[in-house]
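As a plain string of letters, each chain reads:
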Amino acid sequence: MGNDDATTFDAVALLKIIDVSCPQQMLSIMKWVMEGNRGLVYLRVMRTGSAVLYGPSYEFQYGKGYTLRESENDRAILISSGRGVHEALGAADICEKERINIKVVDMPSIDEELLIRLYQTGLPMIFAEQNNGYIWQNLLKVLYRRRADAEISGLNQISTINTLNANGDKQFIHSATYEELVEVFDLTPAAISATILKNLKA
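The structure contained in this document is the topic of the report that follows.

1. Some words on the packing of aromatic side chains
Part 1: Throughout the structure, instances matching the rule amount to five aromatic pairs.
Part 2: Plain terms: the ring middles of Tyr 54 and Tyr 66 are 5.7 Å apart, the flat faces sit at 75° to each other, and that makes the pair edge-to-face. Placement of the pair is Tyr 54 in the loop between strand S2 (41–44) and strand S3 (66–69) and Tyr 66 in strand S3, with a sequence separation of 12 residues.
Part 3: An aromatic cluster is defined as three or more aromatic residues linked by ring pairs; in this entry it consists of Trp 32, Phe 60 and Tyr 62.

Shown next as C-alpha cells:
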C-alpha cells in the first residue's frame, strides 16, 4: 500500500457518519459540529419533511443511539436512522394494533455498546435502513471483533430491510419520489410491520 492509499484509508477511518432523523436533532448536531475539533463529518440529511422526534433539551452525542419507544413486553427490536425512524415508529404502531409491542431505536451514529446490549437481549432484531445496511453491517463488525461464540450464535435472530438486492449486492436506485422509493424497497410502515409479524409467527 502506497502513502496515498494510507492517507485515504486514514481519512475514511476517521470519517464520522451521521444520519439525521428530525429537525430538532439536526439543530443539535449542527451545534455539536460548530463546537469544533470534530474531524471529517458526513451528514446525511433527509430528502423529505418529517415530524419532530426530540424535545428542545435534546443534546446529540456522537456514537450514541436513542430508544424512542419501548415497553416491558417488547417482542422485537426495530432499528433505523434518518427518515427511516419515522417509518419504524409507524410500523410499531401497526404492530401494536396486533397487540405486539416493538422497541424502536434511532441510531444516527453507530453506538457499538447499545448494539451489543440489544443483541444480547435475545429478541429478534430488524434493521430497516434506507441505505445499504450500514448499521447492520456495523453490528456484524462488532461481533466479529469480540469473537464471542455466545453472541455469534444469535445471528439467525436478525432480519434486514434495505436497498441491497436479494443477493446482497448494491444496486442502482432510479430517481423517484420518497414515497415511491420506500414502496419499492419495502420500507413503508406497512411493509416493515409485515416483515416483523411474519418473523414473529415463523
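2. With respect to the sheet that holds strand S5 (residues 101–106)
Part 1: Pairing within the open sheet is mixed, and its five strands lie in the order S3-S5-S4-S6-S7. Unpaired on one side and paired on the other, S3 and strand S7 (158–161) mark the two borders of the sheet. In this sheet, neighbouring strand axes are inclined to one another by 25° on average, regardless of whether the strands run parallel or antiparallel.
Part 2: Taken together, the three bridges between S3 and S5 define a ladder with antiparallel strand orientation. Residue pairing in the sheet places Tyr 66 in a bridge with Asp 106 of S5.
Part 3: Contacts from helix H8 (residues 189–201) reach strand S4 (74–80), S5, strand S6 (125–128) and S7 within the one sheet, and its direction differs from that of S4 by about 140°.

3. Details of the pairing of S2
Part 1: Judged from the four bridges that link them, strand S1 (residues 16–19) and S2 form a sheet pairing that is parallel. Bridge pairing in S2 places Ile 18 opposite Leu 43.
Part 2: What joins S1 to S2 is helix H2 (residues 23–34), and the crossover it makes is right-handed.

Reading the values: rules and limits
Residues numbered from 1 in each chain as written. Predicted model: local features only at pLDDT ≥ 70, side-chain atom pairs only at ≥ 80, totals over all residues. Heavy atoms only, no water. Phe/Tyr/Trp six-rings, centres within 6.5 Å; stacked < 30°, edge-to-face > 60°. Helix = DSSP H or I, 4+ residues; strand = E, 2+ residues; numbered from the N terminus. Pairing = 2+ DSSP bridges. Axes fitted to C-alpha atoms, helices over the stretch in contact; angles between N-to-C directions. Contact = heavy atoms within 4.5 Å. Right-handed = clockwise from strand over helix to strand, strands pointing away.

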